[in-house]
Amino acid sequence: MITPRQLASMVILFLIGSSSLFLLGGSAGRDAWISVCIGVLAGLLLLSFVTLQIQKLEPDRNLIEIFMLYFGRITGFAFGLLYVIYYSYKSVRNVREFADLSIMFLLSDTPLPILVLMICLISAYAVIGGPGVFFQMMEVLLPILLLIYVLLYCLLISSGVIDFSRLAPMLDQGFKPVWDAAIPEIISFPFGEMVLFLMFWRYAKTSEFSQVMQMTIKGYLFAGVFITVMNVVTIASLGSFANWSTVPLLQATNFIDFGNILERIDPIVSLLLFSAVYVKLTAYYLGASIAFAYLFRVSLRIAAIPVGVGIFIGSLLFRSYMQQVNIGFEQNIQYHFPIFQIAIPAVLLLVMRIRTGVRAGKG
């Protein structure tokens, strides 16, 4: 079972995840942080009025069980299988990011398949432990990672890297570029990804679902503010170059230098980013495995094997790091992910409301 504090910790680390690798809303330039604010608010509406409402109507079931109950066995199975593929694909992308960044910054001579295999095995070990163990780990990991982030920001400020004048002038190109960068891009990544928690909320150890909603929203808002600050710091540090950097935060910390004593801290930053990405890829791996286990009526330990093999193979299909990034931002975020994060959940909620209303009318 999952405690409310563990749930909030997981929400925070999951949303920060791989978003720390990119300048979100980069097409809006120096106003990207405003796009993030819009994305946070839009994602909050989606979370509060769609995703959480689905779970509120069926607090003791996960997404796969809800599909089966309201769409019937065949159609429900088909939708459930689609979400196994969706969750697995999201894990694939994070595994490949983890491996490619490891090669770029730490392990340049290590073959890609070996790195991908090691990442999948480490993630599988956490998945086999189940949601309870994984969420406990998040409660321990959260304060450590947040402390390191805060120290990095303090070092950036103290070293004079940050110049808030780089944020001005605001909205010099108008509001449209800011809006276009936020919708649907920032909703799709990372705030719409909360649809994954429809696989986890049922494990929350509380007698009132309102507490689950409260802790989820608190964690979401904390992560939203944190990601916004992260964007502000990145733009204030790199200016117009932030959108061109492979990993903007890592690029910014390269400028930290205190009298030739404290410098070149990028290995520490890399480990920080890898930890955040690991949380996300494992969360998706766990969600896909739980969904697979319910669909095919096998144990989580058994389900983790075919799902893990699929993630391993899928991670090797991209030709390069930039190819998978470009596919993500040009196709997945714009067209594919909103189907799973917005369209299908909205239809599901509508069907649930109608059927619940019909039952109430007959009663």
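These notes cover the structure that comes with them.

In this section: the nonpolar core. The biggest cluster of nonpolar side chains holds 127 residues, and the ones touching the most others in it are Tyr149 and Phe197. Here the element with the most residues in this core is helix H10 (residues 266-296); it accounts for 19 residues. In this structure, Phe197 is in contact with Leu7, Met10, Val11, Phe14, Gln55 and Phe135, ignoring residues within four places of it in sequence.

Here the focus is helix H6 (residues 130-158). Helix length check: H6, at 29 residues, gives a terminal C-alpha distance of 42 Å against a target of 42 Å (1.5 Å per residue), a fit within 8%. The largest bend in H6 is about 35°, located at Leu141, with the proline Pro143 one to four residues further on. Downstream of H6 by a residue or two, Gly160 has a phi angle that is positive, lying close to 80°.

Turning our eyes to something else, we now look at the packing of aromatic side chains. Given two aromatic rings, one states the distance between the centres and the angle between the planes to describe the pair. Tallied over the full model, the rule gives 28 aromatic pairs. Arranged with centres 4.8 Å apart and planes meeting at 5°, the rings of Tyr86 and Phe340 form a pair that is stacked. Note that Tyr86 is positioned in helix H4 (residues 73-105) and Phe340 in helix H12 (residues 321-362), a separation of 254 residues in sequence. For the pair Tyr86 and Phe340, one class covers both residues: buried. Geometry around Phe337 places Lys90 over its ring, the cationic atom sitting 3.9 Å from the centre. Over the face of the ring belonging to Tyr203 we find Arg202, whose NZ or CZ atom lies 5.1 Å from the ring centre.

In this section: a nonpolar patch on the surface. A grouping of Leu81, Leu82, Ile85, Phe296, Val298, Ile302, Ile305, Val309, Ile313 and Leu317 is seen on the molecular surface, where their side chains present a nonpolar patch of about 880 Å² in accessible area. Taken together, the elements giving at least two residues each to the nonpolar patch come down to H4 and helix H11 (300-315). Looking at which element gives the most residues to the nonpolar patch, the answer is H11, with 4 residues. Take Ile302: it is sitting in helix H11.

Counted as a void, the largest pocket has a volume near 440 Å³. Contributions of two or more residues to the lining of the largest pocket are made by helix H7 (176-188) and H12. Considering each element in turn, the lining of the largest pocket owes the most residues, 6 residues, to H12. Here the lining of the largest pocket is composed, by residue class, of 10 nonpolar, 8 polar and 2 charged. A volume near 260 Å³ is recorded for the second largest pocket. Residues belonging to the lining of the second largest pocket are distributed by class as follows: 6 nonpolar, 7 polar and 4 charged.

Once that is clear, we can look at empty space enclosed by the protein. For the structure on display, the rule yields 3 cavities of 30 Å³ or more. One number sums up the size of the largest cavity: a volume of about 120 Å³. If you trace the largest cavity, you find it lined by Ser18, Phe22, Lys90, Arg93, Asn94, Glu97, Phe189, Glu193, Gly328, Phe329, Ile333 and Phe337. Secondary structure elements with two or more residues in the lining of the largest cavity: H4 and H12. Residue composition of the lining of the largest cavity, by class: 5 nonpolar, 3 polar and 4 charged. Each pocket or cavity is described by its volume, and for the second largest cavity that value is around 40 Å³. Along its surface, the second largest cavity is lined by Ser19, Ser20, Leu21, Phe22, Met230, Thr234, Pro248 and Leu249. Going through the elements one at a time, helix H8 (209-238) and helix H9 (248-253) are the ones with two or more residues in the lining of the second largest cavity. Within the lining of the second largest cavity, the residues separate by chemical class into 5 nonpolar, 3 polar and no charged.

Our focus in this paragraph is the environment of Ala343. Looking at where Ala343 falls in the secondary structure, it is placed in helix H12. Among the residues examined, Ala343 registers a relative accessible area of 38% and is labelled partly exposed. On a C-alpha basis, the gap between Ala343 and Ala276 in space is 28 Å, while along the polypeptide they are 67 residues apart.

Attention now goes to the pattern of salt bridges. Under the criterion given, the structure shown has 7 salt bridges. Between Arg61 and Glu58 there is a salt bridge, with its nearest N and O atoms 2.6 Å apart. The network of salt bridges with common partners includes Lys90, Glu193 and Lys280.

Within the secondary structure, Leu23 is located in the loop between helix H1 (4-16) and helix H2 (32-57). Leu23 sits 223 residues away from Thr246 along the chain, and the two C-alpha atoms are 9.5 Å apart. Residue contacts for Leu23: discarding those within four places in its chain leaves Ala32, Asn231, Thr234, Ile235, Ala242, Asn243 and Pro248.

Here we come to the environment of Val140. Along the chain, the position of Val140 falls in helix H6. On a C-alpha basis, the gap between Val140 and Gly129 in space is 16 Å, while along the polypeptide they are 11 residues apart.

Right, let's get into unusual backbone geometry. Between Ala168 and Pro169 the backbone carries a cis peptide bond, its omega angle lying at -5°. By secondary structure assignment, the location of Pro169 is in the loop between H6 and H7. The backbone of Leu171 shows a phi angle near 55°, a positive value even though the residue is not glycine. Along the polypeptide, Leu171 turns up in the loop between H6 and H7. Phi angles above zero are rare outside glycine, and Arg297 is one such case at about 55°. Tracing the sequence through the fold places Arg297 in the loop between H10 and H11.

Conventions we followed
Residue numbers run consecutively from 1 along every chain, following the written order of its sequence. Predicted model: local features are reported for residues with pLDDT of at least 70 only, side-chain atom pairs are reported and counted for 80 or more only, and whole-chain, interface and lining totals are derived from all residues. Hydrogens and water molecules were not included; the side-chain quantities draw on all heavy atoms of the structure. Definition used in this section: a nonpolar core is a set of buried Ala, Val, Leu, Ile, Met, Phe, Trp, Tyr and Cys residues joined via side-chain atoms within 4.5 Å. Buried, partly exposed and exposed residues are distinguished by accessible area as a fraction of the type maximum, computed with a 1.4 Å probe on protein chains only: under 20%, between the cut-offs, and over 50%, respectively. Think of it this way: any DSSP run of H or I at least four residues long counts as a helix, any run of E at least two long counts as a strand, and we number them from the N terminus. Residue contacts are counted whenever heavy atoms from the two residues lie within 4.5 Å of one another. Given a helix with a known number of residues, its expected span is that number minus one, times 1.5 Å. By definition, a residue's bend is the angle between the axes fitted to the seven residues ending there and the seven starting there. Note on aromatic contacts: the rings of Phe and Tyr and the six-membered ring of Trp form a pair at centre separations within 6.5 Å, being stacked when their planes are under 30 degrees apart, edge-to-face when over 60 apart, and tilted otherwise. Two limits define a charge over a ring: the Lys NZ or Arg CZ must be within 6 Å of the ring centre, and within 35 degrees of the ring normal. Like-charged residues are merged into a patch within 9 Å and nonpolar side chains (Val, Leu, Ile, Met, Phe, Trp, Tyr) within 5 Å, provided each residue has over 30% relative accessible area and no salt bridge. A 1.4 Å probe and the Shrake-Rupley method give the accessible areas. Residues count as covered only by the protein chains that appear here. A side-chain nitrogen of Lys or Arg and a carboxyl oxygen of Asp or Glu constitute a salt bridge if their distance falls within 4 Å. Only protein atoms enter the calculation, which uses a 1 Å grid: trapped sets of points that fit a 1.4 Å probe without letting it out are cavities, open sets showing protein on both sides within 12 Å along at least five of seven lines are pockets, and any residue with an atom within 4 Å of a point is a lining residue. Grid points are joined across faces, edges and corners, and a volume is the space filled by probe spheres set on the points. By the convention adopted, Pro, Cys, Tyr, Trp, Phe, Met, Ile, Leu, Val and Ala count as nonpolar, Lys, Arg, Asp and Glu as charged, and the other residues, Gly among them, as polar.

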